[in-house]
Each structure stands twice: as structure tokens, then as C-alpha cells.
Amino acid sequence: MMGGFWQDVRYAGRMMLKTRGLSAVAVATLALGIGANTAIFSVVNGILLRPLPYREPDRLVMVWQDLRARGGPATEWSGPSQQVDWKADTDVFENLASVQGWTASLGGGEMPESLQGEQTTYEYFDVLGVRPALGRVFRDTDDVRGAPRVVVLSHGLWRRRFGSDPAVVGRSVPINGESHEIIGVMPDGFRPVLATGAAMWRPMQMNRVNPARNAAVYHTVGRIRTGLPIDQAQAGLAALAGALERAHPDTDAKRAINAVPLLAQQTLAMRTPLWLLQAAVGFVLLIACVNIANLQLSRASGRTREIAVRRALGADRARIVRQLLTESLALSGCGCALGVLVGDWGLSILRRVAPEGTPRIDEVSIDGRVLLFALALALLTAVLFGLVPAAHAARERVAPTLRLGGRGQLGDGGQRIRRGLVVAELTLALVLLAGGGLLVRTFVALQRADLGFTPDRILTGFILPPQTLYKTDAARRAFYDAVIARTAALPGVQIAALSSVLPLSGDSDEDFLIEGRPEPTRGEALTTWYRVVSATYFAAMQIPLQHGRLFVDREAAPVVVISETMAKRHWPGRDPVGTRIRFGDVWATIVGVVDDVKVRGPREPGQVETYIPYWLNPEAGINVVLKTAGDPRALAEPLRRAVKEVDPGIAVASLATMDETIADSVGSSRFVATLAAVFGVLALLLAAVGIYGVMSYAVSQRTQEIGVRLALGAQERQIFALVVGESMKLAGAGLTLGLAGAVVAGRAMRGMLFGVGATDARTLAATAAVLAAVTLAAAYVPARRAMGIEPQTALRAD
């Protein structure tokens, strides 16, 4: 048995050398298809399938407040009370930790360095099951109010800033104006839960004695108890939520608890786009297989006599099919080997063009699972493009074939198969092209969407005054006053403003009351998203005022401005200007209504939003917003120097233009749309090659027929119309099936679309027209060749 197999392999090698040109085209086509699939699957594997680098990662979950019953999100942050209450439920959690992003200004140099970090409860590293490379991690005694400040460094920061010095443990460094003792260094490759670029960690030191029940400022990660399935854990959390509602009806009514596996949470934004790209590139491979199947059929037409002789000498059909499939497997194996190299090259490109902040992108590589995937593709493609030609060749009758002499003919059955394959690839190409068109139009619509403000020539940066130095509202207010005065005086700055949160970055929420209306019933509190801003913020961002007025700088009376959505929702058909609303113990008067700002991106509707003057509520950190006369990036260094002049220990973090922020917000859509468009064009080119091959072969097989037609008086234009007409018949069938498939695919993609319908007629019509034009172009050369056939030469041919 093995001897026969190796005989087939040697014969397949000789046939590949004998038909070098055809084999080279087939191998190159396969390498392109397998390489593209390997590259995309490497990303899918590295981001979605590979386990997280923690101890028993399947037991890790993100835990959220579920406020859907109150009209809120299913994944709301938690607060100190949730940290205490949830951790107490040992029936569900083995351990639990809270974490929040942290902007740190690391001193000790000429200019303080802004770094991203995480503040965590002391259980953080134990929950993840990760030990430090040097020193230790947090203890419970580090995580109490007033404890000495300690910090754990990332391996990268330790290597870059401290020269990999092991004696760094025990050293003190200034961070945000406070002295922090370095107690440990994390191992290389440690992945933080929240801030992917975190360079340091410090204990949160939250208040656990009398925790606030309405705060929502932390992310929470938990480790599910051993042996507890996620569905049972969710049931336990439902019981816990019910108990908390009964114990604290004023604050915890309609607050469920939602646990999401950590891997699913971290990769949520990329999950659907990546599987969509994997499906798209799979279509490309199918089209490649169709083309190679047509090539194999062409080659089989020249081997009909050879196969008939082998049948006459005693080879059965199974033996013939095995030989031809072995030849297909040899082609596929060469294509796979070359495809892995193409995939590795493509993967390096994907890493560079992936959106900023793509989770785990630096972990993506071609590993054993990816190689097994490529090998499986090779076997699958060998069957896909080899089975039809092999089965067709094995069905050929021996005696009629031998009577044909040396001529190779496919016959009507073979021609029908080739035409059917072309219809199939046209169908696949149209589905892929239409899907790519919808995604491209989505990306364009996202870029053109009205966000409610004008982002041109705006530079932003975040500053965080240390709480140890700026303990009171008055101290923070004085610091912000000095910053806005210094930055407004910079050359090239037209308007300097402040905002606690930037558009596209979310908001903070707060319950409120409306004067003259009864207090909401338990669990039905009114909630508004809010941002703390300077009086100049509206002019800097060019947010239109609908009616009323804006507050003015350092206005003494408590006043606020609200969004259009808030006005319509709580004062329908009425003017809210002059009405008072209460936040906590403060009553503020609404003085104006402004247009909605898409604070969470263009896909989200307008929010119930309140703008509060920063001097009334100077928050712990704030964003500087500069409207510039020229290139905003040119003001980056002057902004850093201006803040340093106010306080030498504070760095400016997250420097970016608003145009860059918007580009980052649609980065995932741009990435998917670009790749989908590339795959669509590739499918289009492969379909054109397939049509060209089929029509060229059809012309060569019908040379005598065309010669007879010409000899009997047919005009050249009639021959041209004959060939082109057959091509367009194939295109018509492919377009009909493809449009039906495109409608189904569009509906499946509906959740990813914006500004365009799932069955958008313009997109479908445009892609169908492009595919019809490509079909016509691919048929043009064979048609011109048919017009040039000499009747005498054609009639003398065997």
C-alpha cells in the first residue's frame, strides 16, 4: 500500500515538472489563498483563542453592575461597596480585585514623564495568579488609607528607566509629587487587565470601612471558585443582587450583577470583525480553489488518452482518482509551504496596520496551532480543487477516448462543470465585494458623522494634580486657573479650555432631582451624564447653543448647561431654562441648552448630559483643550512647558489632537473595511482570471466550429458577440446568485454597519456593475482571438 502511495507521489512530481507553467500558477494561487488565511487566523488565534497568560485563565471574569433594568448599560463600573459586598460572596468568588486606570507623572528627570498605570486593590496580582520577577507585590497593609505609598514596576519600565538594576527594589521615586517605594518588578510579558500599556501599579487605598454605595469608578476582576461553571456563578450573582437590593433598597434597587469571562471581555470589540475577516478570506481561498479546479480540468483534457490507456491496462477508477488526488495534494503541499511564508509576511503587515490599542496584538505569531490550520487548509484545498477533475476523469469511457487519438476533449460534461465553477466563483466574489463595499461605506459614514462639535485644530492633554499637594477644591481650582491662564497666553493658541472628560471618551454619571417635582420612587432616580468644563469649552469645541446662554467665567451662582436630549426627555415641549436641578446638596439653575455631542461615538444616540463649571466642582484630574491657529501638534511641547511652570512635578498625559482621537475611535472600522476591500479586489481579480481561462479554453475547443461559421459567412462581430454573450450568461447566473448571497451576508453584518442599510441598493448595484464589467473585460481577449481565426486553418485542424 505504502509502495503504491510513494509511486503516486513520484509520478505527481514528474507531472508537476512536465507542466511547470500550470503548476507554478496553481502553487502561486494557493500560496496567496492559504497565506491570507494563515495570516488572519494567526490574529484570530492570538487574540481570540489563545488562553490569557494567567493562572487558570478560564476562571477569571470581569464583574459589572448590570443596570439594564434601570435603562442603563449591562457593564457599568463598580464602586467601593461592590468591592466589599461581592468579595464577601465566597460561594461564587475565590478572590476578587478592583482596578482603575492611573495617570502617573514620574519625576527625577529634567521633565516629568507621563506614564499610564493601574491603581488596584491589594488582591490584584493574587487574583491573576502572577508573581513578580523581583521583590514582592502588594499586601493588605499597603492598601489602607494613610499607608506609605509603594509601587510595582513593569519589566519594560525597569529595563528602560532603571537599566535593569536589581537593586532598584527598596529605592524611592517621586510619582505625582509623592515619594513611592519600589517594592517589586513584574516579569517580562505580564499583561495588565485594564491599561494595556501600564508601566506601574500602586495600591488603591479605597475606603472599605464605610464604602460609598453610588460610586461607579472601578473595574472589577474576579476568580470564580474552582469547579463552578459560569452559568452557576451567574445564578449565584443573581441571588446576591437580590439580597443586596433587600438590604439596601434606596441604592441597590434594580441593580443586577453581570460576570463576563475575562478573555471575552478583553476581545469583545475585535471578536466579530476578526471572524468576519476570517470568513472573507475563506471566500478568497474558495475562489482560488475554483480557479485551480478549472486549471486541473484543462490539464485533464490533455491526459484523457493517458488515463484511458491506464484503464485499458487494468487500473480501476479508484486507482485513477487516487493518483489524481495525489497530484492535487502535491500542488497543495507546495502551496501550503509557500503560503506559510506569505502568511508570516502578511502577519507583519497586519501588526503594523492594526488599530491602536488592539488587545494582545503583540502576542500574535505563527505557532503550532496556526501551522496545523495551514496543513488542514492544504488537505481541504486538495480535495476541493482535485476531487471534481479526478471524478470526471475517472468517468471517461475507455473505447471512445482511445478512438480520439491524441486529442484531448472535455466533452459537454466537462464544459458544464467548468461553467458551473465560474458561476460559483462569480457568486462568491460578488458576496465578498458587496460586503466589503458595505464596510467601506460604513467607515466613510463614521468619518463624516456629525459628532456635535468641530475637531479641527484642537490639541488635548490630561493633567492630574497630586492629591497630597492639592487636597482641597480651592487648591485644585487655583491650579486649574493658573494652567488655563498660562496656556491661553501661548503663541498660536486661540482658545484655552478645560474639560473633565473628552468627547468619544465617555462621561461620568450623577443622580439629580428637578425642582417642583416629586422625588422619584425607590430605584427610579433620574440620572445624567456630566462633564466639568470651563466657560471657554463651548467656543473651543464649537458646540452650538440652541437657546438660553452659556455660563461665564467664575460665575458666582451655581449654574449648568444641559444637552438637547436632556431637555427633550425631561422637559418635553417646554423650555428648561430657568429651572433648578439638584446634585447632592447643591441646587443649580439651567441657563442654556446646547446641541448633543456624541460622547460615546457616532453610533450612539444623544445622551442626557449636563455641563458643570469647573470652579464649582474642580475634579481630581482634567483635560486641557487648546484651539490653535495652526498645526495643533506644534503646541505639544509648549503645553508641557506651561504646565511645568505651574507645577514642575506634573506631566501632561495623553497628548493628542481631536482628529487623532476621532481616527482612533474608528480604527477598528478602518482596519476591517481596508482588509475587506483588499480581499474583495483579490476575489475580483481571481474571478476575472477564472472567466478568462474558461473562455480561452472554450475558444480553443471550438476552433473548428468557429471556422465553419466564418466559412459559411458569419461576420466577425457575430463571433465576438457569441463569445462575449456566453460570458455574460455566466455572469448573469453568478450575479443572480451573488446578489441573493449578498443580501443574506448584509443582514448578518447589520450590527457592524452605520449610515448604510444591510441591503443597500446602491452598493449592491455598484458591485454587480463592477463584476459585470470585469467579466466583459475578461472575455474580451478570447473574443478577439476567436474573431481572428482563419477558416481554412481551422477546417484543416484535427
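In this convention, every chain numbers its residues from 1, walking through the sequence in written order. It should be noted that, the model being predicted, local features are given only for residues of pLDDT at least 70 and side-chain atom pairs only at 80 or more, the latter also being counted only at that level, while totals for whole chains, interfaces and linings use all residues. Side-chain numbers come from the whole structure's heavy atoms, not from hydrogens or water.

### With respect to the overall build of the protein
Logical step 1: Each helix and strand in the protein was counted, giving 24 helices and 21 strands.
Logical step 2: Taken over 798 residues, the protein has a buried fraction of 52%.
Logical step 3: For this analysis, residues touch if any pair of their heavy atoms sits within 4.5 Å. Taking as baseline every contact in the protein between residues at least 6 positions apart, the subset at least 24 positions apart corresponds to 81%.
Logical step 4: For accessible areas, the Shrake-Rupley method is used with a probe of radius 1.4 Å. Any residue's cover is judged against the shown protein chains and nothing else. Surface summary for the protein: the accessible area is close to 34,300 Å², and the carbon and sulfur share equals 58%. Starting at the N terminus, helices and strands are each numbered in turn, a helix being any DSSP run of H or I of at least four residues and a strand any DSSP run of E of at least two. The cut-offs for exposure are 20% and 50% of the maximum accessible area for each residue type, with area from a 1.4 Å probe on protein chains only; residues under the lower value are buried, those over the upper are exposed, and the others partly exposed.

### Digging into the nonpolar core
Logical step 1: In this description, a nonpolar core means a group of buried Ala, Val, Leu, Ile, Met, Phe, Trp, Tyr and Cys residues linked to one another through side-chain atoms lying within 4.5 Å. By size, the foremost hydrophobic cluster in this structure holds 70 residues, and its most contacted members are Ile40, Leu439, Phe671 and Phe679.
Logical step 2: Examining the composition of this core, we find that 16 residues originate from one element, helix 20 (residues 667-701), more than from any other.
Logical step 3: Non-local contacts of Phe679, meaning those with residues more than four positions away in its chain, are made with Ala36, Ile40, Leu277, Ala280, Val281, Val284 and Leu432.

### Section: the packing of aromatic side chains
What describes a pair of aromatic rings is the distance from one ring centre to the other and the angle between the planes of the rings.
Logical step 1: Pairing of aromatic rings covers Phe, Tyr and Trp, the last counted by its six-membered ring, and requires centre-to-centre distances within 6.5 Å; plane angles under 30 degrees mean stacked, over 60 mean edge-to-face, and any other angle means tilted. The tally for this structure, following the rule as stated, stands at 17 aromatic pairs.
Logical step 2: Here Phe125 and Phe138 contribute two aromatic rings whose centre-to-centre distance is 5.5 Å and whose plane-to-plane angle is 55 degrees, an arrangement assigned as tilted. Of this pair, Phe125 sits in helix 4 (residues 124-128) while Phe138 sits in the loop between strand 4 (134-135) and strand 5 (150-153), placing them 13 residues apart in sequence.
Logical step 3: On the basis of an interplanar angle of 70 degrees and a centroid distance of 6.1 Å, the ring pair of Tyr537 and Phe538 is categorised as edge-to-face. Like Phe538, Tyr537 is buried.

### Side note on the side chain of Asn176
Logical step 1: Tracing the backbone shows Asn176 in the loop between strand 6 (172-175) and strand 7 (178-185).
Logical step 2: The exposure class assigned to Asn176 is buried, which follows from its relative accessible area of 4%.
Logical step 3: In protein, a polar contact means a hydrogen-donor-capable atom and an acceptor-capable atom, both N or O and within 3.5 Å, with residues adjacent in sequence counting only if both atoms are side-chain atoms; elsewhere, any N or O pair within 3.5 Å suffices. Within the local environment of Asn176, its side chain forms a polar contact with the backbone oxygen of Thr103, the two atoms lying 3.3 Å apart.
Logical step 4: Those residues in contact with Asn176 that lie beyond four places of it in its chain are Trp102, Thr103, Ala104, Ser105, Leu464 and Pro466.

### What about helix 3 (residues 80-87)?
Logical step 1: Taken across its eight residues, helix 3 has six buried, putting it largely inside the fold.
Logical step 2: Listed in full, the buried residues belonging to helix 3 are Pro80, Ser81, Gln82, Gln83, Asp85 and Trp86.
Logical step 3: Packing partners of the buried residues in helix 3 comprise strand 1 (60-66), strand 2 (93-106), strand 9 (219-224), helix 6 (230-247) and strand 10 (256-261).

### Some remarks on the state of the cysteines
Logical step 1: When two cysteine sulfur atoms lie within 2.5 Å, the pair is treated as a disulfide. What the rule picks out here adds up to zero disulfides.
Logical step 2: Residue Cys336 stays outside any disulfide, its sulfur separated by 9.9 Å from that of Cys334, the closest cysteine.

### Description of the pairing of strand 20 (residues 622-628)
Logical step 1: Judged by how many residues are buried, strand 20 sits mostly within the fold: seven of seven residues are covered.
Logical step 2: For two strands to count as paired, DSSP must find a minimum of two bridges between them. Relative to strand 20, strand 11 (residues 458-463) runs antiparallel, the two being bridged by six bridges. Paired with Phe462 across the two strands is Asn623, which belongs to strand 20.
Logical step 3: Relative to strand 20, strand 12 (residues 493-499) runs antiparallel, the two being bridged by six bridges. Bridging across to strand 20, Ala497 finds its partner in Val625.

### Comments concerning the environment of Val577
Logical step 1: Here Val577 is to be found in the loop between helix 17 (564-570) and strand 17 (580-583).
Logical step 2: Distance from Val577 to Ala567, taken between C-alpha atoms, is 9.1 Å for residues 10 residues apart in sequence.
Logical step 3: Residue contacts for Val577: discarding those within four places in its chain leaves His547, Gly548, Ile590, Val591, Gly592 and Val593.

### Thoughts on the side chain of Asp647
Logical step 1: Take Asp647: it is sitting in the loop between helix 18 (636-646) and strand 21 (653-657).
Logical step 2: One buried charge, Asp647, has no salt-bridge partner; the nearest side chain with opposite charge is Lys644, at 10 Å.
Logical step 3: A distance of 2.6 Å separates a polar atom in the side chain of Asp647 from a polar atom in the side chain of Tyr470.
Logical step 4: Contacts of Asp647, omitting those with residues within four sequence positions, involve Tyr470 and Phe479. Note that His is not counted, nor are the chain ends; the positive residues are Lys and Arg, and the negative ones are Asp and Glu. Each reported salt bridge corresponds to a side-chain nitrogen of Lys or Arg within 4 Å of a carboxyl oxygen of Asp or Glu.

### Brief notes about helix 19 (residues 658-665)
Logical step 1: Among the residues of helix 19, Met658, Thr661 and Ile662 are the ones counted as buried. In a view along the axis of helix 19, the buried residues occupy a sector of 95 degrees, so they form one face of it.
Logical step 2: Buried residues along helix 19 sit in contact with strand 11, helix 16 (537-541) and strand 21. Directions drawn from the helix axis to the C-beta atoms are what define this arc.

### Things to note about the pattern of salt bridges
Logical step 1: A complete count under the given rule lists 26 salt bridges for this structure.
Logical step 2: Ionic pairing is found between Asp66 and Arg68, a salt bridge with its closest N-O pair at 2.5 Å.
Logical step 3: On the basis of relative accessible area, Arg68 is assigned to the exposed category, the value being 54%.
Logical step 4: Glu178 is paired through a salt bridge with Arg202; the nearest N and O atoms lie 3.7 Å apart. Here Glu178, found in strand 7, pairs with Arg202, found in strand 8 (residues 200-203); they are 24 residues apart in sequence, far enough to count as distant. There is no split in this pair, since Glu178 and Arg202 are both buried.
Logical step 5: When salt bridges with common partners are traced through the structure, they connect Arg55, Glu56, Arg59 and Glu94 into a single cluster.

### As for the packing of helix 15 (residues 473-488) against helix 18
Logical step 1: Contact pair helix 15 / helix 18: the axes reach a minimum separation of 9 Å and the direction vectors enclose 140 degrees. Accordingly, the angle class assigned to the pair helix 15 and helix 18 is oblique. Remark: the crossing between helix 15 and helix 18 carries right-handed chirality. On the side of helix 15, the interface is formed by Phe479, Ala482, Val483, Arg486 and Thr487, while helix 18 contributes Leu639, Ala642, Glu645 and Val646.
Logical step 2: For this classification, Asp, Glu, Lys and Arg are treated as charged, while Ala, Val, Leu, Ile, Met, Phe, Trp, Tyr, Cys and Pro are nonpolar and the rest, including Gly, are polar. Among the residues forming the contact of helix 15 with helix 18, the class breakdown is six nonpolar, one polar and two charged. Helix axes are fitted only over the stretch in contact, all axes being lines through C-alpha atoms; the angle between N-to-C directions runs from 0 to 180 degrees. Any angle that falls under 35 degrees is termed roughly parallel, while one over 145 is termed roughly antiparallel, one within 65 to 115 roughly perpendicular, and all others oblique. Each crossing gets its hand from how the near helix is turned against the far one by less than a right angle, where anticlockwise is left-handed and clockwise is right-handed.

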